[in-house]
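What follows is the residue order along each chain.
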Amino acid sequence: MITYFRMLIIACCVCFAGSCYAESLYQEKTFRPLTSDNKALRVGDVITVQIFENSSASTNSDTTTRRKNNLSASLRHDSGIGTGTGVAVSGDFDGGGRTQRNGKLLAQISVNVTELLSNGDMRVQGDQLLSINEEQQKIKLEGRIRPQDISDSNIVLSTRIADAKITYLGDGDLSDRQKRSWWRKVLDLFGL
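Trainee: Tell me about the overall build of the protein chain, and please be specific about residues and values.
Mentor: A tally of helices and strands in the protein chain yields three helices and six strands. What you see in the protein chain, going N to C, is helices and strands ordered as α-β-β-β-β-β-β-α-α. With an accessible surface of roughly 16,000 Å², the protein chain has 53% of that area assigned to carbon and sulfur atoms.

Trainee: Describe a nonpolar patch on the surface, listing the residues and the values that go with them.
Mentor: On the surface, Trp 182, Val 186, Leu 189 and Phe 190 cluster together into a nonpolar patch covering about 540 Å² of accessible area. Within the secondary structure layout, Trp 182 lies in helix 3 (residues 182-189).

Trainee: Which residues make up the confidence of the model for the protein chain, and what values go with them?
Mentor: Across the protein chain, pLDDT averages 76, with 61% of residues at or above 70. The least confident element of the protein chain, judged by mean pLDDT, is helix 2 (residues 173-178) at 60; the most confident is strand 5 (residues 155-157) at 93.

Trainee: Please set out the pattern of salt bridges residue by residue, giving values where relevant.
Mentor: For the structure shown, the criterion picks out five salt bridges. For Asp 127, the salt bridge is made with Lys 138, and the minimal N-O distance between the two is 3.8 Å. Of the two residues, Asp 127 sits in strand 3 (residues 122-132) while Lys 138 sits in strand 4 (residues 135-145), which places them eleven residues apart along the sequence. Owing to a relative accessible area of 46%, Asp 127 belongs among the partly exposed residues under this scheme. Across the pair Arg 146 and Asp 149 runs a salt bridge whose closest N-O atoms are separated by 2.9 Å. What makes Arg 146 partly exposed here is its relative accessible area of 36%. If you follow the salt bridges from partner to partner, you end up with Asp 121, Arg 144 and Asp 163 in one network.

Scoring rules and cut-offs
- All residue numbers here refer to positions counted from 1 along the written sequence of the relevant chain.
- In keeping with the model being predicted, local features are shown solely for residues with a pLDDT of at least 70 and side-chain atom pairs are shown and tallied solely at 80 or more, while totals for entire chains, interfaces and linings include all residues.
- As a convention, hydrogens and water are excluded, and side-chain values are obtained from all of the structure's heavy atoms.
- Per the convention used, a helix needs a DSSP run of H or I reaching at least four residues, while a strand needs a run of E reaching at least two, with both numbered from the N terminus.
- Where accessible areas are quoted, they stem from the Shrake-Rupley method and a 1.4 Å probe; at the residue level, only the protein chains shown are allowed to cover.
- Each patch is assembled from residues with relative accessible area greater than 30% and no salt bridge, linking like charges that lie within 9 Å and nonpolar side chains (Val, Leu, Ile, Met, Phe, Trp, Tyr) that lie within 5 Å.
- By salt bridge we mean one thing: a side-chain nitrogen of Lys or Arg within 4 Å of a carboxyl oxygen of Asp or Glu.
- Values of pLDDT, the confidence the predictor places in each residue, fall between 0 and 100.
- Remark: exposure states derive from per-residue accessible area (1.4 Å probe, protein chains only) relative to the maximum for the residue type, with buried under 20%, exposed over 50%, and partly exposed in between.

The structure is reproduced here in structure tokens:
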């Protein structure tokens, strides 16, 4: 009876041993050394971008033109009675314009590494959607980051991003009120 019981245990162990396998704790794709910092290294890693953009532009133009044309004619008869005719045309134009625009954007957004380039740079992309008082504000960022521009705390400044495309859009009642109406656009088209 004891041998039968031993044989049954050995048979069970042999059957279940085929389905067991050993796996290493080391995974090459996800391995990060214990002494490494928290910087993004691979596709899918997250980097925090601090957006500090400040832009200013100003343009002035002045135009002045003057035109004056005179045309006169006279007609005289032998009787001494004279008839005179004259035409005068003049025109003045003064024009000017001034354009001034200032922009400032301060934000912080986390982006994903989407591609590792052959020179070691990382292509990143990400967006953030904020809803404040029924106004939706969307920030979208894409660009290329050098690994040496990433700080030890895994943060990079937007001024260090090459080929940066930063889009900031607002949508809601406040944004709609800032847009010109269609009829105003038509009147402006005709200069009215």
